[in-house]
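Each chain, letter by letter, is given below.
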Protein chains: 2
Amino acid sequence: MTSGKALHERLGAEFLRRIESGEWPEGVQVPSEARLCAEFGTSRGPVRQALAMLRQEGSLVGGRGRPPVARKVARSQPFASLLSFTQWARSIGRLPGQTTVEVARRRAAPETAGRLGVEDGDTVVEIVRLRTLDGVPAMLERSAFVWDVGRHLFDFDPDSGSLYEELCRRGAGLDHARHTIDAIAAEPADAELLAVAERTPLLRVRRQTFCPDGEPLEFSDDRYLPSLTNFTIENTAEGRTVAGRHSTGEEPEH
Amino acid sequence: MTSGKALHERLGAEFLRRIESGEWPEGVQVPSEARLCAEFGTSRGPVRQALAMLRQEGSLVGGRGRPPVARKVARSQPFASLLSFTQWARSIGRLPGQTTVEVARRRAAPETAGRLGVEDGDTVVEIVRLRTLDGVPAMLERSAFVWDVGRHLFDFDPDSGSLYEELCRRGAGLDHARHTIDAIAAEPADAELLAVAERTPLLRVRRQTFCPDGEPLEFSDDRYLPSLTNFTIENTAEGRTVAGRHSTGEEPEH
């Protein structure tokens with residue numbers, strides 16, 4: 001019984017892998033039970049159990065009387081992986097890196113003050129970093145922090161890793177975030193750091209991160225080479241929404 | 001009693017409007033109960049009930065003993081309003097419009113075939129439309145439909161309104177969609193139709209729409225003037241995600 005249970009679970013995991021990799025394309029019937037039994041050298045029981053399990057979680061649909069059809073079920077990326085470039089890069093098996101251009105304590109300009117909910121001229125911490133994937137420039141990040149959060153950055157080498165992880169270790173309560181996505185032409189400083197021509201289209205994501213009480217803690221303006229990264233929103237008629245940041249797997253156009 | 005109940009609900013609606021409009025800024029304490037009583041010429045009871053109601057739904061947080069702090073609670077846009085430009089424009093009080101550049105029945109090119117899950121050379125319907133907000137060009141839409149869905153478009157004047165509504169009326173089961181967002185330089189045809197310079201950065205949203213069984217029905221490539229429209233993703237540490245399309249309220253840069 002125990003090995004029977006393990007078998008249908010192993011079969012289910014393998015079937016799911018095939019659906020998610022596209023080996024069993026979405027919208028196309030999967031092989032018949034008889035073919036699956038032959039392929040895995042097993043009886044119908046475990047194959048049926050595995051198919052029923054995937055049907056229950058929505059990865060197989062339709063097919064009364066004939067083989068069901070594969071459907072990719074979107075899985076939400078964890079909150080941290082939309083906030084943290086480092087955690088996101090690791091989650092997709094790429095090596096994250098960064099070169100810090102500057103960390104500055106300065107008086108907030110009006111736009112930054114507005115986004116951070118502080119007064120014009122209040123002290124904030126601003127940081128500019130070039131972020132890389134496997135050593136290749138991928139994104140230019142400009143972040144501003146309210147002083148209570150940002151002051152921790154002066155005790156930390158921002159070239160050494162994830163600001164997000166460091167701030168969480170120091171107890172900054174990053175609770176929710178709003179990402180606004182548009183496109184912008186590379187300005188001279190962007191072009192130089194990202195090693196592209198001026199006015200190259202960049203994918204811009206502006207983010208406000210809030211503490212649980214709704215006070216903004218951070219505002220960032222991240223400019224991505226769109227040839228390396230995109231964002232997805234998946235939604236359903238029933239109202240489920242899932243969002244993610246993705247690597248296109250392409251090399252940048254230089 | 002009835003008028004008392006109506007009063008706290010009216011107060012609650014007004015307070016929520018102030019939070020959502022930013023009149024009561026996020027992260028900032030709202031006025032004291034005493035000030036609200038004076039402003040609305042009412043006793044403490046209804047003001048307290050209204051504040052408690054907003055606290056329960058998360059629009060007010062913190063403030064034990066002192067006034068609570070405003071927090072914007074993101075509201076999901078309905079599924080249709082991410083799919084349908086017409087419905088989205090109406091929902092924000094703008095007048096949607098369109099000029100159809102072409103509707104064509106043709107054999108699917110390899111990329112389109114792949115996105116629609118049909119064979120190379122299968123018959124598909126392709127449509128190109130310039131979409132406007134209050135008469136101003138906002139987006140260039142190129143959609144391809146599988147034949148069973150797209151054939152309905154030949155019985156319909158695409159200049160007259162929403163393809164999405166027309167397809168739903170004819171029973172096309174649009175169930176879930178995947179939007180992939182990046183940036184692209186305006187190609188010559190884009191530039192001419194959107195009345196911008198070539199290589200102007202555009203916000204591109206590629207969308208696959210699926211029927212409940214996971215079969216793709218439509219693939220579209222929408223190119224927005226980023227000065228008029230952006231997309232947002234809001235997420236929380238607890239895992240709630242909300243996405244939307246927004247008007248920036250700005251005029252296009254010409």
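Residues numbered from 1 in each chain as written. Chains lettered and ligands numbered in written order. Predicted model: local features only at pLDDT ≥ 70, side-chain atom pairs only at ≥ 80, totals over all residues. Heavy atoms only, no water.

Engineer: Outline the overall build of chain A, supporting the account with residue identities and numerical values.
Structural biologist: If you tally the helices and strands in chain A, you get nine helices and ten strands. Over its C-alpha atoms, taken along the principal directions, chain A stretches across nearly 70 × 40 × 35 Å. A burial count over chain A gives 55% of its 254 residues as buried. Looking at chain A alone, contacts between residues at least 24 apart form 57% of all its contacts between residues at least 6 apart. Accessible area of chain A: about 11500 Å², with a carbon and sulfur share of 49%. (Helix = DSSP H or I, 4+ residues; strand = E, 2+ residues; numbered from the N terminus. Buried < 20%, exposed > 50% of the residue type's maximum accessible area, 1.4 Å probe, protein only. Contact = heavy atoms within 4.5 Å. Areas by Shrake-Rupley, 256 points an atom, 1.4 Å probe, with all protein chains shown as cover.)

Engineer: Explain the sheet that holds strand β10 (residues 241-247) of chain B residue by residue, including any values.
Structural biologist: In spatial order, the strands read β3(A)-β4(A)-β5(A)-β8(A)-β7(A)-β6(A)-β9(B)-β10(B); together these eight strands make up an open sheet with antiparallel pairing. Here the strands that pair on one side only, and so sit at the sheet edges, are β3 (96-107) of chain A together with β10 of chain B. Taking the axes of each pair of neighbouring strands and ignoring which way they run, one obtains an average angle of 20 degrees across the sheet. In this sheet, strand β5 (residues 136-146) of chain A lies alongside strand β4 (residues 123-133) of chain A in antiparallel orientation, the contact comprising ten bridges. Directly across from Val128 of chain A, in β5 of chain A, lies its bridge partner Arg142 of chain A. (Pairing = 2+ DSSP bridges. Axes fitted to C-alpha atoms, helices over the stretch in contact; angles between N-to-C directions.)

Engineer: Please give an account of the relation of the copies chain A and chain B that cites residues and values.
Structural biologist: The operation relating the two chain copies consists of a rotation about an axis and a shift along that axis. Rotating chain A by 180 degrees about the axis while translating it 0.0 Å along that axis superimposes it on chain B, leaving an RMSD of 0.1 Å. When the rotation and shift are considered jointly, the pair of chain copies conforms to a two-fold rotation axis. Residues of chain A ranked by C-alpha distance from the rotation axis are headed by Pro201 of chain A, positioned 2.3 Å from it. The share of interface residues of chain A whose copies in chain B are also at the interface is 98%, consistent with both copies meeting through the same surface. (Least-squares fit on C-alpha atoms with pLDDT ≥ 70 in both.)

Engineer: Summarise the interface of chain A and chain B; cite the residues concerned and give the values.
Structural biologist: Counting from both sides, the interface comprises 46 residues of chain A and, opposite them, 45 residues of chain B. Taken together, the two surfaces of chain A and chain B that pack against each other cover about 3900 Å², and 53% of this comes from carbon and sulfur. On the chain A side of the contact with chain B, Arg178, Ile233 and Asn235 of chain A bury the most area, a combined 17% of that side's loss. Here chain A is connected to chain B by six salt bridges. Glu26 of chain B serves as the salt-bridge partner of Arg178 of chain A, at 3.8 Å between the closest nitrogen and oxygen. One can count ten residue pairs in polar contact (both at pLDDT 80 or more) joining chain A with chain B. Counting residues per element, the side of chain A that touches chain B draws most heavily on strand β6 (residues 176-185) of chain A, which supplies ten residues. Considered class by class, the residues forming the side of chain A that touches chain B number 23 nonpolar, twelve polar and eleven charged. (Buried area = accessible area lost by both parts, 1.4 Å probe. Salt bridge = Lys/Arg side-chain N within 4 Å of Asp/Glu carboxyl O. Polar contact = N/O pair within 3.5 Å; in protein donor to acceptor, adjacent residues only side chain to side chain. Nonpolar A, V, L, I, M, F, W, Y, C, P; charged D, E, K, R; others polar.)

Engineer: Describe the pairing of strand β4 (residues 123-133) of chain B, and please don't skip the residues or the numbers.
Structural biologist: Residues and elements named next belong to chain B. Of all the eleven residues making up β4, ten are buried; the element is thus mostly covered by neighbouring parts of the structure. Here eleven bridges tie strand β3 (residues 96-107) to β4, and the two strands are oriented antiparallel to one another. Within the sheet, the bridge partner assigned to Thr100 lies in β4 and is Arg129. Two successive antiparallel strands, β4 and strand β5 (residues 136-146), enclose a turn made up of two residues, where Asp134 displays a positive phi of approximately 50 degrees.

Engineer: I'd love a proper account of the packing of helix α2 (residues 33-40) of chain A against helix α3 (residues 44-56) of chain A, names of residues and values included.
Structural biologist: Residue and element names in this part refer to chain A. In the contact formed by α2 and α3, the axes pass within 9 Å of each other and the chain directions differ by 115 degrees. Of the two possible hands of crossing, α2 and α3 adopt the one that is right-handed. Packed against α2, whose contacting residues are Glu33, Ala34, Leu36 and Cys37, the element α3 presents Arg44, Val47, Arg48 and Leu51 at the interface. Among the residues making up the contact of α2 with α3, the classes are represented as five nonpolar, no polar and three charged. (Left-handed = near helix turned anticlockwise from the far one by under 90°.)

Engineer: Give me the lowdown on the packing of aromatic side chains, citing residues and values where you can.
Structural biologist: Two descriptors summarise a pair of aromatic rings, namely the distance from one centre to the other and the angle between the planes of the rings. Residue and element names in this part refer to chain A. A full pass over the atoms with the stated rule returns ten aromatic pairs over all chains. Measuring from centroid to centroid gives 6.4 Å for Trp147 and Phe154, while their planes differ by 45 degrees, and the two rings are tilted. Taking the relative accessible area as the measure of exposure, Phe154 reaches 41% and is therefore partly exposed. Pairwise contacts between aromatic rings join Phe15, Trp24 and Phe40 into one cluster. Here Arg105 stacks its cationic end above the ring of Trp147, 4.6 Å away from the centre of that ring. (Phe/Tyr/Trp six-rings, centres within 6.5 Å; stacked < 30°, edge-to-face > 60°. Lys NZ or Arg CZ within 6 Å of the ring centre and 35° of its normal.)

Engineer: Tell me what's going on with the pattern of salt bridges, and back it up with residues and numbers.
Structural biologist: All names here are of chain A. The tally for this structure, following the rule as stated, stands at 54 salt bridges over all chains. Close ionic contact of Asp190 with Arg142 constitutes a salt bridge, the shortest N to O distance being 2.8 Å. Of the two residues, Asp190 sits in helix α9 (residues 188-194) while Arg142 sits in strand β5, which places them 48 residues apart along the sequence. Residue class for Asp190 comes out buried when judged on its relative accessible area of 0%. When the shortest N-O distance is used, the salt bridge between Arg204 and Asp182 registers 2.9 Å. In this pair, Arg204 sits in strand β7 (residues 201-210) while Asp182 sits in strand β6, placing the two residues 22 residues apart along the sequence. In the salt-bridge network here, residues are joined through shared partners; they are Arg142, Asp182, Glu187, Asp190, Arg204, Arg206, Asp221 and Arg223.

Engineer: Residue-level account of the sheet that holds β4 of chain B, with values.
Structural biologist: Strand order in the open sheet formed by eight strands is β10(A)-β9(A)-β6(B)-β7(B)-β8(B)-β5(B)-β4(B)-β3(B), and the pairing between neighbours is antiparallel. Two strands in the sheet have a free side with no partner beyond their single neighbour: β10 (241-247) of chain A together with β3 of chain B. Averaged over all adjacent pairs, the angle separating strand axes in this sheet is 20 degrees, with direction ignored. Looking at chain direction, β5 of chain B and strand β8 (residues 216-224) of chain B are connected through seven bridges and run antiparallel. What sits directly across from Phe145 of chain B, in β8 of chain B, is Glu218 of chain B.

Engineer: Explain the domain arrangement of chain A to me, and be specific about the residues and the numbers.
Structural biologist: The domain architecture assigned to chain A consists of domain 1 (2-70) and domain 2 (79-247). Averaged C-alpha coordinates put domain 1 of chain A and domain 2 of chain A at centres separated by 41 Å. (Domains from an automatic or database assignment.)

Engineer: Outline unusual backbone geometry, supporting the account with residue identities and numerical values.
Structural biologist: Phi is positive for Arg199 of chain A, close to 70 degrees, though the residue is something other than glycine. Note on placement: Arg199 of chain A falls in the loop between α9 and β7. We classify Arg199 of chain A as exposed; its relative accessible area is 52%. A positive phi is found at Asp134 of chain B, a non-glycine position, where the angle reads about 50 degrees. Position of Asp134 of chain B relative to the elements: it lies in the loop between β4 and β5. Relative accessible area serves as the criterion here: at 43%, Asp134 of chain B is assigned to the partly exposed category.

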